[in-house]
Amino acid sequence: MSCNRSSSLRDRLRSETRQCHQALDERVSRLLNSDPENYRRFLLLQWRLFTALSRYGVESLCTPLVRELQQRVHQDLVTLDEQPLPASLDLGFRPHPLAVDYVVSGSRLGAQVLKKHWFDSGLTEVDRVCAYLSAPAHTSYWREFLARSTALPAQGKEADTIVIDCITLFKFCLDYALTQPARERVLHA
């Protein structure tokens, strides 16, 4: 897939997922304000990803984390009287376990930044609906991913699959984020 001769899979993932990862980060940053509707959209985005991943039964190291986060965000949505529709939750493929680990464990790092912004927003919904935001960072998953991906070669069929699956997972989230209007406020965190 790539002409880039990265030294490890981790290096290649960082390079080749950068564009779609940044696009998703920019779109999510537009939700970060004191608008309850944008907070609901943010939670729905999280629910969509974790529910879609749990449906495929991918056995990654992050599988317990996916289930925990899905339960937490579902609890928040129920508290908001939101009943998300599962119809649009088909990934269309079974992602490689390491792709799931990259996206999910990496999302926990980003969640720590988002958590601070949401709690600082002054939005009353955040104070009473925060099961998802209150989830532990679970940085051990990220450290394990780093160790594994740094030890794997950047090239080859499996590496190609992992990179493609990561990009597809980011696009799955981005597609939803782009269809949800957000009050314009760009935050570069």
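Quantities reported herein were computed from a predicted structural model and do not represent experimental measurements.

J.: Report on helix 3 (residues 36-56), specifying residues and quantitative values.
T.: Along its 21 residues, helix 3 runs 31 Å from first to last C-alpha, staying within 8% of the 30 Å computed at 1.5 Å per residue. Measuring from the backbone nitrogen of glutamate 37 back to the side-chain oxygen at the start of helix 3 gives 2.9 Å, which picks out aspartate 35 as the cap.

J.: I'd like a rundown of the packing of helix 3 against helix 5 (residues 97-120), residues and numbers included.
T.: One can describe the packing of helix 3 onto helix 5 by two numbers: an axis separation of 13 Å at closest approach and a directional angle of 165°. Classified by the angle between their axes, helix 3 and helix 5 sit roughly antiparallel to one another. As helix 3 runs across helix 5, the sense of the crossing is left-handed. Contacts from Asn38, Tyr39, Phe42, Leu49, Phe50 and Leu53 in helix 3 reach Val100, Val103, Val104, Ser107, Leu114 and Trp118 in helix 5. When its residues are assigned to classes, the contact of helix 3 with helix 5 shows ten nonpolar, two polar and no charged.

J.: Give me the lowdown on the confidence of the model for the protein, citing residues and values where you can.
T.: Of all residues in the protein, 90% attain a pLDDT of 70 or more, and the chain-wide mean is 88. When mean pLDDT is compared element by element in the protein, helix 1 (residues 9-16) scores highest at 97, while helix 6 (residues 124-128) scores lowest at 90.

J.: Describe the nonpolar core, listing the residues and the values that go with them.
T.: Grouped together as the largest cluster of nonpolar side chains are 57 residues, with contacts concentrated most on Tyr39, Phe42, Trp118 and Tyr132. When contributions to this core are tallied by element, the ones reaching two or more residues are helix 1, helix 2 (18-29), helix 3, helix 4 (63-79), helix 5, helix 7 (139-151) and helix 8 (157-179). The dominant element in this core, judged by the number of residues it contributes, is helix 8, at twelve residues. Not counting residues up to four positions away in its chain, the partners in contact with phenylalanine 42 are Val28, Leu31, Leu114, Trp118, Tyr132 and Leu133.

J.: Can you explain helix 2? Please cite residues and give values.
T.: Over its twelve residues, helix 2 extends 16 Å from the first C-alpha to the last, a length consistent with the 16 Å expected when each residue adds 1.5 Å. Turning to helix 2, its buried residues number three or more, namely Cys20, Leu24, Arg27, Val28 and Ser29. Buried residues along helix 2 sit in contact with helix 3, helix 5 and helix 8.

J.: I'd like a description of the pattern of salt bridges, backed by residues and values.
T.: Taken as a whole, this structure holds ten salt bridges when the rule is applied. Salt-bridge contacts for arginine 12 lead to glutamate 16; the nearest nitrogen and oxygen are separated by 3.0 Å. You can see arginine 12 and its partner glutamate 16 sitting in helix 1, four residues apart, about one turn around the helix. Residue arginine 12 shares its accessibility class with glutamate 16, and that shared class is buried. The shortest N-O distance in the salt bridge between aspartate 101 and arginine 148 comes to 3.1 Å. One end of the pair, aspartate 101, is in helix 5; the other, arginine 148, is in helix 7, with 47 residues separating them in the sequence. For arginine 148, a relative accessible area of 32% puts it in the partly exposed group. In the salt-bridge network here, residues are joined through shared partners; they are Glu37, Arg40, Arg41 and Glu82.

J.: Quick one: what's the story with the packing of aromatic side chains, residue by residue and with numbers?
T.: Two aromatic rings, taken as a pair, are described by how far apart their centres are and by the angle between their planes. Under the defined criterion, the tally for this structure stands at nine aromatic pairs. In textbook terms, an aromatic cluster arises when at least three aromatic residues are bridged by ring pairs, as seen for Tyr39, Phe42, Phe50, Trp118 and Tyr132.

J.: A description of unusual backbone geometry should follow, citing residues and the corresponding values.
T.: Not every positive phi belongs to a glycine, and aspartate 81 is a case in point at roughly 60°. With a phi close to 55°, histidine 138 is a non-glycine residue in the positive phi region. Here histidine 138 shows up in the loop between helix 6 and helix 7. When its relative accessible area of 22% is taken as the criterion, histidine 138 is described as partly exposed.

J.: So what's going on with the side chain of glutamate 125? Which residues, and what values?
T.: Along the polypeptide, glutamate 125 turns up in helix 6. It is arginine 128 that comes nearest to the buried, bridge-free glutamate 125 among opposite-charge side chains, at 4.9 Å. Among the polar contacts listed, one links the side chain of glutamate 125 to the side chain of threonine 124, at a separation of 3.3 Å. For glutamate 125, the residues in contact, after removing those within four places along its chain, are Pro36, Tyr39 and Leu80.

The rules we used
Residues numbered from 1 in each chain as written. Predicted model: local features only at pLDDT ≥ 70, side-chain atom pairs only at ≥ 80, totals over all residues. Heavy atoms only, no water. Helix = DSSP H or I, 4+ residues; strand = E, 2+ residues; numbered from the N terminus. Expected span 1.5 Å × (residues − 1). Polar contact = N/O pair within 3.5 Å; in protein donor to acceptor, adjacent residues only side chain to side chain. Axes fitted to C-alpha atoms, helices over the stretch in contact; angles between N-to-C directions. Parallel < 35°, antiparallel > 145°, perpendicular 65-115°, else oblique. Left-handed = near helix turned anticlockwise from the far one by under 90°. Contact = heavy atoms within 4.5 Å. Nonpolar A, V, L, I, M, F, W, Y, C, P; charged D, E, K, R; others polar. pLDDT = per-residue confidence, 0-100. Core = buried A, V, L, I, M, F, W, Y, C linked by side-chain atoms within 4.5 Å. Buried < 20%, exposed > 50% of the residue type's maximum accessible area, 1.4 Å probe, protein only. Salt bridge = Lys/Arg side-chain N within 4 Å of Asp/Glu carboxyl O. Phe/Tyr/Trp six-rings, centres within 6.5 Å; stacked < 30°, edge-to-face > 60°. Lys, Arg positive; Asp, Glu negative; His and termini not counted.

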